[in-house]
Amino acid sequence: MKFNPEKCRIKDERMQPFIDADEIWDLLHNTVPDRQKVKDIIARSLDKNRLTLAETAMLINATDTDLVEEIKEGARELKKRIYGNRIVLFAPLYIGNKCINNCRYCGFRASNKEAIRKTLSDEEIISEVAALEDNGHKRLILVYGEHPEYDPDYIAHTVRLTYEVKKGRGEIRRVNINAAPLEIEGFRKVKESGIGTYQIFQETYHPDVYKLYHLGGKKRDFAYRLTSLDRAQEAGIDDVGIGALFGLYDWRFEVMGLVRHTNHLEACYNVGPHTISFPRIQDASMLDFEGRYRVTDEDFAKLVAVLRLAVPYTGMILTARESPALRREVMQYGVSQIDGGTKLEIGAYAESLNELQNLNKEQFMINDSRSLNEIMDELISKEYLPSFCTACYRLGRTGEHFMEFSVPGFIKRFCSSNAILTLSEYLIDYAPPATAEKGWKLIEGQLEQLRGFQDVDEIKRRIERIKAGERDLYF
Ligand code: SAM
Ligand code: SF4
């Protein structure tokens, strides 16, 4: 996406650090919550407006129980009204844990001499991807430490390799990346390998606090990391994911940082983040973290609701760092993607690599270790519509979240219909009979709701084609 002179009219702010910590704290300190204003702001969000920093501060500062309930109810309503009951599933695949950095919260940090360093060989990557396909996955995020070995050519190679693995009826249709920041040329190379989203978390948006947690390596440079997704945009990657590691600093500041990052991307590139992630810090080998800013479950639920309202068009990712119970609660406030069957040890998915898995430790502990099918079964029972859809990105319909959000009927016409088709594949190829039975009932009900938006008879014909052995049908 090109620089938008209309919006960046005052000065070109591309590649410029955009966080002013004093401005954010001024807003947080000086915004007095006002009952009517909070209600008006929620209404503005429900009218599909991205909130300003001042409006976000107003929601953050609203602490009366009834107002917090209104914020959560607003987020619930926004999800229901705009996105419906669809939840997209993915899995992380750790490619290598070599790392030159020293992030105090991470088990992969260079100073952790206990960690056994390992990069998967091509054969091992193929085994891992095949094992994930055998579970039913279609969307992966490849994760790497920061190391000269994981250069753009290597990342691009692993992406291509992942797409090539076809096990039975399985295939990976979308590969996202979570890796170190690159130069523009590097991002270009990785883009050419056909990635979906490039995700980089700022960890903390406070420049001074950032220095306290990042003791060495390239990651110590706050501004270089902050502007990494600008370089991705300059390289033509307009599908970027932002995030903060909650618990390093005051959660209220981090929510403001995420919104500031959003409006920077919008202003300079005319496109906001494709996804926002809000990982909470988890226990890890050699964790060096005093816990002063640990986020309670209650604040976590509120911050997810505030983010949903603040950036109503973006995808929101909730990972297996959180427990099943908390995921169940928080999902209703606007989460659109979750991982399932997650394992973080290098080589953990393929049985043939079990020995490897026993050798190395994961980057941090997870709290939801259920299999993909256990999660699918629960989603279906709770009348969520699980989806493995990858249609927009493959049809070149980029900015899909924005279309879902802004084009009336888009979700029913495309997203729900494709969710049904990808769920049908899953039920036939991977689900045990009990899950399949519930799944087909869910599909029947969902089809009824699509009448008037999509040709339901055509969806039914495609389901029959899937039953007859065709795969990868989408609108
Ligand atoms: N090395 C790259 C980087 O730092 O951006 C990418 C991979 S890193 C393995 C992915 C993310 O895991 C980090 O951005 C950080 O937010 C998160 N993470 C690290 N340690 C964590 C912990 N103890 N608990 C939860 N998340 C953690
Ligand atoms: Fe390395 Fe990333 Fe872990 Fe930091 S968070 S130590 S950069 S793997």
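## Some thoughts on the pairing of strand S5 (residues 240–243)
- The alternating pattern of S5 places Val240 and Ile242 on one face and Gly241 and Gly243 on the opposite face, and all of these are buried.
- As defined by bridge partners, strand S4 (residues 198–199) adjoins S5 across two bridges and the pair is classed as parallel. Bridging from a neighbouring strand, Gln199 pairs with Gly241 of S5.
- In this sheet, strand S6 (residues 275–277) lies alongside S5 in parallel orientation, the contact comprising three bridges. The partner of Gly241 across the bridge, within S6, is Thr275.
- Note that the unit made of S5, helix H11 (residues 251–269) and S6 has a crossover that is right-handed.

## Section: the site of ligand 1
- Lining the immediate surroundings of ligand 1 are 20 residues, of which Tyr105, Glu203, Lys219, Arg225 and Gln363 lie closest.
- Tyr105 places a polar main-chain atom, nitrogen or oxygen, 2.8 Å from a nitrogen atom of ligand 1.
- Between ligand 1 and Gln282, the relevant distance is 2.9 Å, taken from a nitrogen atom to a main-chain nitrogen or oxygen of the residue.
- Protein chains bury 97% of the 550 Å² of accessible surface belonging to ligand 1 in isolation.

## A short note on the pattern of salt bridges
- Applying the stated criterion across every chain yields a total of 43 salt bridges.
- In this structure, the salt-bridge partner of Asp239 is Arg174, at a minimum N-O distance of 3.0 Å. Taken together, the residues Asp239 in the loop between helix H10 (228–234) and S5 and Arg174 in strand S3 (residues 174–178) connect sequence positions 65 residues apart. Across the pair, exposure class does not vary: Asp239 and Arg174 are buried alike.
- Within this structure, Lys166, Glu171, Arg173, Arg394, Glu425 and Asp472 form a network of salt bridges that share partners.

## So, the packing of aromatic side chains
- For the coordinates displayed, the defined rule picks out 15 aromatic pairs.
- With 5.8 Å between their ring centres and 80° between their planes, Tyr94 and Phe108 make a pair best called edge-to-face. A residue pair is termed long-range when its members are at least 10 positions apart, and Tyr94 in strand S1 (residues 86–96) and Phe108 in the loop between S1 and helix H5 (122–135) qualify at 14 residues. Like Tyr94, the residue Phe108 is buried in the burial classification.
- Pairwise contacts between aromatic rings join Trp25, Tyr249, Phe253 and Tyr293 into one cluster.
- One residue, Arg397, lies across the ring of Phe414, its end atom 4.2 Å from the ring centre.
- The aromatic ring of Trp440 is capped on one face by Lys467, whose charged end is 4.6 Å from the ring centroid.

## Some words on unusual backbone geometry
- Phi is positive for Met15, close to 65°, though the residue is something other than glycine.
- Mapped onto the fold, Met15 is located in the segment before helix H1 (21–30).
- Phi at Met286 is positive, roughly 60°, even though this residue is not glycine.
- Among the secondary structure elements, Met286 is positioned in the loop between S6 and helix H12 (297–310).

## So, the domain arrangement of the protein chain
- The domain architecture assigned to the protein chain consists of domain 1 (81–370) and domain 2 (409–467).
- The distance between the C-alpha centroids of domain 1 and domain 2 comes to 30 Å.
- At the junction of the two partners, domain 1 supplies 12 residues and domain 2 supplies 11 residues.
- Between domain 1 and domain 2 lies a buried interface of about 810 Å² when both sides are counted; carbon and sulfur atoms form 45% of it.
- Counting across the domain 1 and domain 2 interface gives two salt bridges.
- The tally of links from domain 1 across to domain 2 stands at three residue pairs in polar contact (both at pLDDT 80 or more).
- Where the side of domain 1 that touches domain 2 is concerned, the elements lending two or more residues are helix H4 (65–83) and H5.
- At three residues, the largest contribution of residues to the side of domain 1 that touches domain 2 is made by H5.
- Residue composition of the side of domain 1 that touches domain 2, by class: two nonpolar, four polar and six charged.

What counts as what
- Residues numbered from 1 in each chain as written.
- Chains lettered and ligands numbered in written order.
- Predicted model: local features only at pLDDT ≥ 70, side-chain atom pairs only at ≥ 80, totals over all residues.
- Heavy atoms only, no water.
- Buried < 20%, exposed > 50% of the residue type's maximum accessible area, 1.4 Å probe, protein only.
- Helix = DSSP H or I, 4+ residues; strand = E, 2+ residues; numbered from the N terminus.
- Pairing = 2+ DSSP bridges.
- Right-handed = clockwise from strand over helix to strand, strands pointing away.
- Near = heavy atom within 4 Å.
- Polar contact = N/O pair within 3.5 Å; in protein donor to acceptor, adjacent residues only side chain to side chain.
- Areas by Shrake-Rupley, 256 points an atom, 1.4 Å probe, with all protein chains shown as cover.
- Salt bridge = Lys/Arg side-chain N within 4 Å of Asp/Glu carboxyl O.
- Phe/Tyr/Trp six-rings, centres within 6.5 Å; stacked < 30°, edge-to-face > 60°.
- Lys NZ or Arg CZ within 6 Å of the ring centre and 35° of its normal.
- Domains from an automatic or database assignment.
- Contact = heavy atoms within 4.5 Å.
- Buried area = accessible area lost by both parts, 1.4 Å probe.
- Nonpolar A, V, L, I, M, F, W, Y, C, P; charged D, E, K, R; others polar.

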